[in-house]
Amino acid sequence: MSESLPLKARINHAVLELIEGDITKQDTDAIVNAANSSLLGGGGVDGAIHRAAGPELLEETRALGGCQTGDAKISRGYHLKARHVIHTVGPIYGGSDSARLLASAYRRSLEVAQENNIHTIAFPSLSTGAYGYPVDQAAPIALETVCRFLQGDHNIQLVRFVLFNSAILQQFSKALAHQIQQQPGIVLPA
Ligand code: APR
């Protein structure tokens, strides 16, 4: 990756960082699951989180009664390092309101974290796998939504994007560089 692309920024009292890795290995207070509306598990991130958390996770999510696209619900993390899983449902790419629903999935996840006194949270790249959202369109929506939330009033200290490969990491870093350029309150950490 060219050295000019940022991997970290400071917004008010919060740090936003981008890493390449596996969401199930993160030791943040919460990790975000790229779920479907049934909340009964699936493949990709959803499958990996359920495998790592253990069967009690499905027992809890089964009782949550599903989740609307763009909304988010919280559960315990069980055998994961993270105490909580915030299950959100991103849009399947292509609908007229895909961008609005993708932004909503990120924002609602942060609102649920705030409501549950969670200070550190890790996101995967929502909707960019099975749901087909092109990463070059999803990354700017993700970064703009998260940066806007962090510029407001909240108790979040760390938002970490955990990206599955270097190509996705590069797209998110380009989007972060754009946010830093556009928003004076978003700065590279000292
Ligand atoms: N850690 C981090 N990122 C991961 C991991 C992982 N362990 N596994 C996959 N990814 C990446 C993918 O490369 C993709 O960039 O997460 C992104 C989201 O991919 P999906 O998990 O396919 O999620 P999404 O596109 O939102 O589709 C959700 O897929 O698994 C089902 O039940 C789920 O129906 C829902 C749909």
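Note that the coordinates shown come from a computational prediction; the quantities given were computed from them, not determined experimentally. (Residues numbered from 1 in each chain as written. Predicted model: local features only at pLDDT ≥ 70, side-chain atom pairs only at ≥ 80, totals over all residues. Heavy atoms only, no water.)

**Description of the sheet that holds strand E7 (residues 158-163)**
Piece 1. Spatial strand order, E4-E5-E3-E6-E7-E2-E1-E8: 8 strands in an open sheet with mixed pairing. Strand pairing shows two members of the sheet lacking a second neighbour, strand E4 (72-76) and strand E8 (186-187), which therefore form its edges.
Piece 2. Note that strand E1 (residues 8-11) and E8 share 2 bridges and pair antiparallel. When the sheet's bridge partners are listed, Ile-11 is paired in E8 with Ile-186.
Piece 3. Across the sheet, helix H1 (residues 44-53) is in contact with strand E3 (30-34) and strand E5 (84-88); its angle to E3 comes to roughly 135 degrees.
Piece 4. Against the sheet, helix H2 (residues 55-62) touches E4 and E5, its axis set at about 135 degrees to E4. (Pairing = 2+ DSSP bridges. Helix = DSSP H or I, 4+ residues; strand = E, 2+ residues; numbered from the N terminus. Contact = heavy atoms within 4.5 Å. Axes fitted to C-alpha atoms, helices over the stretch in contact; angles between N-to-C directions.)

**Things to note about the environment of His-119**
Piece 1. Tracing the chain through its elements places His-119 in the loop between helix H3 (98-115) and strand E6 (120-123).
Piece 2. For His-119, a relative accessible area of 23% translates into the label partly exposed.
Piece 3. Along the backbone, His-119 and Asp-29 are 90 residues apart, and their C-alpha atoms lie at a distance of 6.7 Å.
Piece 4. Non-local contacts of His-119, meaning those with residues more than four positions away in its chain, are made with Asp-29, Asn-155, Ile-156, Gln-157 and Leu-158.
Piece 5. Polar side-chain contacts of His-119 include one of 2.8 Å to the backbone oxygen of Asn-155. (Buried < 20%, exposed > 50% of the residue type's maximum accessible area, 1.4 Å probe, protein only. Polar contact = N/O pair within 3.5 Å; in protein donor to acceptor, adjacent residues only side chain to side chain.)

**What about the nonpolar core?**
Piece 1. Membership of the largest hydrophobic core comes to 42 residues, with the highest contact counts inside it found for Leu-16, Ile-121, Phe-161 and Phe-172.
Piece 2. Among the secondary structure elements, those contributing two or more residues to this core are E1, strand E2 (14-20), E3, H3, E6, helix H4 (135-150), E7 and helix H5 (166-182).
Piece 3. Of all the elements, H4 adds the most residues to this core, at 10 residues.
Piece 4. Listed in part, the 10 residues of the second largest apolar core include Ile-23, Ala-53, Leu-80 and Val-85. (Core = buried A, V, L, I, M, F, W, Y, C linked by side-chain atoms within 4.5 Å.)

**Some remarks on the site of the ligand**
Piece 1. Around the ligand there are 21 residues in total, and Asn-36, Val-45, Asp-46, Gly-129 and Ala-130 lie nearest to it.
Piece 2. The contact in question runs from a nitrogen atom of the ligand to an N or O atom on the backbone of Ile-23, over 2.9 Å.
Piece 3. Thr-128 places a polar side-chain atom, nitrogen or oxygen, 2.9 Å from an oxygen atom of the ligand.
Piece 4. For the ligand, the cavity whose grid points lie within 2 Å of the majority of its atoms is the largest pocket.
Piece 5. With 3 residues, H1 is the single largest residue contributor to the shell around the ligand.
Piece 6. When grouped by side-chain class, the residues that make up the shell around the ligand number 9 nonpolar, 10 polar and 2 charged. (Near = heavy atom within 4 Å. 1 Å grid on protein atoms, 1.4 Å probe; cavity = no way out; pocket = protein on both sides within 12 Å on 5 of 7 lines; lining within 4 Å. Sits in = over half its atoms within 2 Å of the grid points. Nonpolar A, V, L, I, M, F, W, Y, C, P; charged D, E, K, R; others polar.)

**Focus on H3**
Piece 1. Here H3 is 18 residues long and its end C-alpha atoms lie 25 Å apart, about the 26 Å a rise of 1.5 Å per residue gives.
Piece 2. Once H3 finishes, Asn-117 follows within two positions and takes phi at roughly 60 degrees, a positive value. (Expected span 1.5 Å × (residues − 1).)

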